[in-house]
Amino acid sequence: KNQVEQSPQSLIILEGKNCTLQCNYTVSPFSNLRWYKQDTGRGPVSLTIMTFSENTKSNGRYTATLDADTKQSSLHITASQLSDSASYICVVSLEYGNKLVFGAGTILRVKS
Amino acid sequence: NAGVMQNPRHLVRRRGQEARLRCSPMKGHSHVYWYRQLPEEGLKFMVYLQKENIIDESGMPKERFSAEFPKEGPSILRIQQVVRGDSAAYFCASSPLLTDTQYFGPGTRLTVL
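A. Representation of the overall build of chain B. Of regular secondary structure, chain B possesses zero helices and eleven strands. Reading chain B from its N terminus to its C terminus gives the helix and strand order β-β-β-β-β-β-β-β-β-β-β. Counting only C-alpha atoms, chain B reaches 35 × 25 × 25 Å along its principal axes. Sorting the 113 residues of chain B into buried and exposed places 43% on the buried side.

B. Seen up close, the packing of aromatic side chains. What the rule picks out here adds up to eight aromatic pairs over all chains. Aromatic side chains Phe102 of chain A and Tyr35 of chain B sit 5.1 Å apart centroid to centroid with 70 degrees between the ring planes, which places their arrangement in the edge-to-face category. Pair noted here: Phe102 of chain A is in strand E10 (residues 99-102) and Tyr35 of chain B is in strand E4 (residues 31-37), and the two residues belong to different chains. Here Phe102 of chain A and Tyr35 of chain B have matching classes, each one buried. Summarising the aromatic geometry, the rings of Tyr35 of chain B and Phe45 of chain B are spaced 6.1 Å apart at their centres and angled 70 degrees between planes, so their arrangement reads as edge-to-face. Placement of the pair is Tyr35 of chain B in strand E4 and Phe45 of chain B in strand E5 (residues 43-50), with a sequence separation of ten residues. Each residue in the set Tyr36 and Phe102 of chain A together with Tyr35, Phe45 and Phe104 of chain B is aromatic and connected to the rest through ring pairs, giving one cluster. Between Arg61 of chain A and the ring centre of Tyr62 of chain A, over which it is positioned, the NZ or CZ distance is 5.8 Å.

C. Looking closely at the state of the cysteines. Here the structure, examined in full by the defined rule, presents two disulfides over all chains. There is a disulfide in this structure between Cys23 of chain A and Cys90 of chain A, and the S-S distance comes to 2.0 Å. Here Cys23 of chain A and Cys90 of chain A share a disulfide; its torsion about the S-S bond, -65 degrees, makes the bridge left-handed. Here Cys23 of chain A, found in strand E3 (residues 19-25), pairs with Cys90 of chain A, found in strand E9 (residues 86-94); they are 67 residues apart in sequence, far enough to count as distant. On the basis of relative accessible area, Cys23 of chain A is assigned to the buried category, the value being 1%. With its sulfur 1.7 Å from that of its partner, Cys23 of chain B forms a disulfide with Cys92 of chain B. Around the S-S axis, the bridge from Cys23 of chain B to Cys92 of chain B shows a dihedral of about -50 degrees and counts as left-handed. In this pair, Cys23 of chain B is assigned in strand E3 (residues 19-24) and Cys92 of chain B in strand E9 (residues 88-95), connecting sequence segments 69 residues apart. Look at Cys23 of chain B and you get buried, because its relative accessible area is 0%. Here Cys19 of chain A is not disulfide-linked; the sulfur of Cys90 of chain A is the nearest cysteine sulfur, at 15 Å.

Conventions and cut-offs
- Here the residue numbering is sequential within each chain, running from 1 through the sequence in written order.
- In the order they appear in the text, chains get letters beginning with A and ligands get numbers beginning with 1.
- For this predicted model, a pLDDT threshold of at least 70 governs which residues receive local features, and a threshold of 80 or more governs which side-chain atom pairs are given and counted, while totals over whole chains, interfaces and linings are taken from all residues.
- Only hydrogens and water are set aside; all other atoms, that is, all heavy atoms of the structure, feed into the side-chain values.
- Here a helix means four or more residues in a row that DSSP labels H or I, a strand means two or more in a row labelled E, and each is numbered from the N terminus.
- Whether a residue is buried, partly exposed or exposed follows from its accessible area with a 1.4 Å probe, protein chains only, as a fraction of its type maximum: under 20%, in between, or over 50%, in that order.
- A pair of Phe, Tyr and Trp rings is counted when the ring centres sit within 6.5 Å of each other, with Trp represented by its six-membered ring. The angle between the planes then sorts it: under 30 degrees is stacked, over 60 is edge-to-face, the rest tilted.
- Consider the ring centre and the ring normal. A charge sits over the ring if Lys NZ or Arg CZ is within 6 Å of that centre and within 35 degrees of that normal.
- Cysteine sulfur atoms are paired as a disulfide whenever they fall within 2.5 Å.

Read these as geometric descriptors, not functional statements.
Written as C-alpha cells, this is what we have:
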C-alpha cells in the first residue's frame, strides 16, 4: 500500500532555532518527492521537489534531503522565524507524477 | 497571473442538500485535481481532470460525487445529498503539464449541519 508517514506529528521550537522534520514513504513506482508548506486556512505551497537521483535541495532556509534507498526524506529549517509556523507536508508522486500521496503533515509552531 | 481560485471559501449545507464547489485553474493550466482534507488528516486525492475529460477518478466516492471541467468555465465538484461525513476542506490544484508542480487553491470548507 502506498503510504507516506511523517514525524513528529507536531513540534514547538523557539524562534531562531533549527529543526528537522522526517518523512518515510512506501510509494512505488516513485517519481519525485515534494515538501509543501500549508498555512492555516490556506492551500499547500510547494517548497522543494526532488527526483530519485537528487539527494538534497535547498530553498532559502529550507533544505530537503532524500535517501531513495531507505525511502526517507527530511526537511531542515534553519534559523526559524515566527512565519514558519505551519503544517509541513511530505508528498510523493507516483508514476508519471500526476497522482500524489500525501503525508498527514507535521504541525510546526515557532514561539518568540 | 492570478493563482488558483476557489469559491466559495466557506459553504454550509444541511443534510440532503447539494454542494457545488468551483475551481478556476491558473491561466494556461489544463490539468485540474481535486483533493479532500479531513480534520487532522492529510489531503486525499479524489479526481484528476483535463478539459472536458475525467482522467482518473479513483479517489472519488462512486455515489453522490461528480466532477467536471468544461471547455469553458471553471471545474465543478458536485456533492449531492450531502451527509455530515462530507464536512471537510476541499482543495483544487492545477498544473500546466502532467508532471509539473501542482499549484493549490485556498480551498473550500464545507460544513454539513
